[in-house]
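Architecture and fold: a report
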Amino acid sequence: MLDLYEKFLRSRSTPSLALIEDIHVVCGCLKLFLRSLEEPLVTYLQRPNFVGASEQYLTNPTKAYDCVLNVLKNLPTPNRHTLSFIMLHLKAVSKTSLCQMGEDNLAKVFGPTLVGYSCPEPQVMQAISETKPQQDVLRLLFSLSDDIYSSFLSDWDNTSENNSETRTNYFTSLTTDMSSSEITPNSHNNNNSRLCDMGGSTRKGFLPNLLSSFRDMSS
């Protein structure tokens, strides 16, 4: 898995999955990438707001939708686009019968890496208590329509068309395109966190290639 991960991360072309027989290897690459980030995609700053929105989902879904949409818009741009890309993929996976992974199971599997914990190194009891909120946030994100996530990505596509020369990197810092109000605590301390650049390098980027390969193996 590590060898495949490094190929996706460093290679100038898409690694071949012809010899990869275990789809869990590809899934492991995705989770490894997410764990390598300095903070979860939802960020430590916005995580409480995601959890708060998910707590309203059962009693007031309309308010929960409005709340989570607002929180998504307040994420740093690379985080919002990467999360949108992943959610579109996971929603497709949940509908693929061969995968046998519904939304609940995917929420359990990806909760720790997409939503994460409220701090980098939670204590045991804290980690246990924050597991259910992780899954609740993922369930709320699953409930959003594909159009919502696609609208975030189409906005990025429009931007990248006008800035194609600056959108050729595989990854971008968490602080890219961030205003001072969007900078999270970890962003001040470490600018080396890297997220997939969803712009001009869509055919070359880590996540687009990895998730496309994942979907091909699932079909």
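Residues numbered from 1 in each chain as written. Predicted model: local features only at pLDDT ≥ 70, side-chain atom pairs only at ≥ 80, totals over all residues. Heavy atoms only, no water.

For the protein chain, an unreviewed UniProt entry supplies the name Rac GTPase-activating protein 1 and the organism Schistosoma bovis.

Ranked by internal contacts, the top residues of the largest apolar core, which has 42 residues, are Leu 34, Phe 50, Leu 72, Leu 83, Met 87, Leu 114 and Leu 141. Where this core is concerned, the elements lending two or more residues are helix 1 (2–10), helix 2 (23–35), helix 3 (47–55), helix 4 (61–74), helix 5 (77–94), helix 6 (103–115), helix 8 (131–143) and helix 9 (146–162). Looking at which domains feed residues into this core, each of domain 1 (1–36) and domain 2 (41–158) supplies at least three. Sequence-distant contacts of Leu 72, defined by excluding residues within four places in its chain, comprise Phe 50, Arg 80, Leu 83, Leu 141, Leu 144, Tyr 149 and Phe 152. (Core = buried A, V, L, I, M, F, W, Y, C linked by side-chain atoms within 4.5 Å. Buried < 20%, exposed > 50% of the residue type's maximum accessible area, 1.4 Å probe, protein only. Helix = DSSP H or I, 4+ residues; strand = E, 2+ residues; numbered from the N terminus. Domains from an automatic or database assignment. Contact = heavy atoms within 4.5 Å.)

What follows deals with helix 1. Considered for burial, the residues of helix 1 that qualify are Leu 4, Tyr 5, Phe 8 and Leu 9. The arc enclosing the buried residues of helix 1, seen along the axis, measures out at 135°, which places them on a common side. Facing away from the buried side of helix 1 by over 90 degrees, the exposed positions are Leu 2, Asp 3 and Arg 10. (Arc of directions from axis to C-beta.)

One non-glycine residue, Thr 43, adopts positive backbone phi at about 70°. Within the secondary structure layout, Thr 43 lies in the loop between helix 2 and helix 3. Positive phi outside glycine occurs at Gln 100, with the angle close to 55°. Mapped onto the fold, Gln 100 is located in the loop between helix 5 and helix 6.

As for its position among the elements, Ala 127 is in helix 7 (residues 124–129). Among the residues examined, Ala 127 registers a relative accessible area of 17% and is labelled buried. Taking C-alpha positions, Ala 127 is 9.4 Å from Pro 112, a pair spaced 15 residues apart along the chain. If near-sequence neighbours (up to four positions away) are discounted, Ala 127 is found in contact with Tyr 117 and Pro 122.

Moving on to the packing of helix 5 against helix 8. The geometry of helix 5 relative to helix 8 is characterised by a closest axis approach of 10 Å and an angle of 80° between their N-to-C directions. Classified by the angle between their axes, helix 5 and helix 8 sit roughly perpendicular to one another. Note on element contacts: helix 8 touches helix 5 through Leu 138, Leu 141 and Phe 142, opposite Leu 83, Met 87, Leu 90 and Lys 91. (Axes fitted to C-alpha atoms, helices over the stretch in contact; angles between N-to-C directions. Parallel < 35°, antiparallel > 145°, perpendicular 65-115°, else oblique.)

Taking 1.5 Å of rise per residue, the 13 residues of helix 6 would be expected to cover 18 Å, yet its terminal C-alpha atoms sit only 15 Å apart, more than 12% below that figure. All buried positions along helix 6 are accounted for by Leu 106, Ala 107, Phe 110, Gly 111, Thr 113, Leu 114 and Val 115. Contacts from the buried residues of helix 6 go to helix 2, helix 3, helix 5 and helix 8. Residue Gly 116 follows helix 6 closely and has a positive phi angle near 70°. (Expected span 1.5 Å × (residues − 1).)

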